[in-house]
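Observations on the model geometry
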Amino acid sequence: MHAMARHRIPQYSDDLFRTLQPLPTINGCIKTLPDEFVVDEILPFEPVGTGEHLYIEIEKTGANTGWVAYQLASFLEVRDLDVSYAGRKDRHGVTTQWFSCYLPTGTDVDWTLFSVEGVVVKSMTWHRSKLRRGQLQCNVFRIKVRHGKLTESQGRDLVERLEQLSDQGLPNYFGPQRFGRDGHNLILADQLLRKGERVRGNRGLLISAARSWLFNGFLARYLEQRERHLEQGDAQEVAQGPLIGKSRDPQPGEEYFDETEQAWAAGLRKLGAKVGTRDLIVRPDEMSWSAAEDALVLQFRLPPGSYATSLLRELFLVKDESL
């Protein structure tokens, strides 16, 4: 029993990760309908129009990014590795994103034969290099959050929170979707990293889930310590937190790891995961909002890798209706 307690697999909960303000009190529902959660990718460059990589702009509804990539590879009769994308987009919503496919120059494709439910080809062009993970300028979100009738004080609190988010930003937590339904990715990550077992599925995804969990813990502790320093008039700002990987020396925050997290860090080093960093606080760009009937409509931009759900949890006690 003692060993099981020491190696307890973490469970995601909003209560574990501090917000910049006191936890919100207003209940909000998202993804009631697909068109109430809209995401558009913005590339950091303009494809040149020539080359061996066909760039395809796809609008998908109720479709998984990896599944769409597989459908494209099957239709174009290329290897799965020849189809790439900059980032995974939410299945439960209407999302527009780019895919690149390696094809010989001048390949003629009859797109009238491409018919996949929930997938629409919006545009195509050519480029000289493949689209790589994280190669985005930003993601544009348009989200409708349904809520009940607000009291006058709740309305004021919500506006104050919105203004603070727009001005000061939000904790750059990895969202719960990174950890899988009911934390399933963390269960598999534990088998891979602590137990050294062979696991089915995407090993890179499991490594990412573990690193994300460790980062979230670092960020939560940083916010707690920052609040204490602010109360004492001794603010110490840190811009970035660690993504644990193979390093000679311990990385910041490892002194707080429990035994399970220590085992994960050791497993990440053994697998040669690359050390990285991530911004602790991120500021949404071009943020605006409007009130609808018993709902709030939000529009904002976030850099690649930042989660809209991490912004929403600063405003509402969020319920995802798609789950």
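Attention here is on the structure that accompanies the text. The shown structure was predicted, so the numbers you read here are calculated from the model rather than taken from an experiment. (Residues numbered from 1 in each chain as written. Predicted model: local features only at pLDDT ≥ 70, side-chain atom pairs only at ≥ 80, totals over all residues. Heavy atoms only, no water.)

1. Details of helix α2 (residues 65-76)
Over its twelve residues, α2 extends 17 Å from the first C-alpha to the last, a length consistent with the 16 Å expected when each residue adds 1.5 Å. Among all positions in α2, only Thr 65, Val 68, Ala 69, Gln 71, Leu 72, Ala 73 and Leu 76 are buried. Positioned one or two residues after α2, Glu 77 has a phi angle of 55°, which is positive. (Helix = DSSP H or I, 4+ residues; strand = E, 2+ residues; numbered from the N terminus. Expected span 1.5 Å × (residues − 1). Buried < 20%, exposed > 50% of the residue type's maximum accessible area, 1.4 Å probe, protein only.)

2. Thoughts on the nonpolar core
Counting residues in each nonpolar core, the largest one holds 30 residues, and the members touching the most others are Trp 213, Leu 214, Leu 219, Trp 264 and Leu 268. Where this core is concerned, the elements lending two or more residues are α4 (184-193), α5 (203-231) and α6 (259-270). Per-element tally for this core: the top contributor is α5, with twelve residues. Setting aside residues no more than four positions away along its own chain, Leu 219 makes contact with Pro 171, Asn 172, Tyr 173 and Leu 280. (Core = buried A, V, L, I, M, F, W, Y, C linked by side-chain atoms within 4.5 Å. Contact = heavy atoms within 4.5 Å.)

3. Describing the pairing of strand β13 (residues 295-302)
Relative to β13, strand β7 (residues 138-146) runs antiparallel, the two sharing eight bridges. Among the inter-strand pairings, Phe 141 is bridged to a residue of β13, identified as Phe 300. In the sheet, strand β12 (residues 285-292) pairs with β13 via six bridges, with the strands oriented antiparallel. When the sheet's bridge partners are listed, Trp 289 is paired in β13 with Leu 298. Remark: two residues form the turn of the hairpin made by β12 and β13, two consecutive strands paired antiparallel; Asp 294 in that turn has positive phi of roughly 55°. (Pairing = 2+ DSSP bridges.)

4. Section: unusual backbone geometry
Across the chain, the bulk of peptide bonds are trans and the bulk of non-glycine residues have phi less than zero. For Glu 77, which is not glycine, the phi dihedral falls at a positive 55°. According to the relative accessible area criterion, Glu 77 is exposed, its value standing at 73%. Phi at Glu 286 takes a positive value of approximately 50°, unusual for a residue other than glycine. With respect to the helices and strands, the residue Glu 286 is situated in strand β12.

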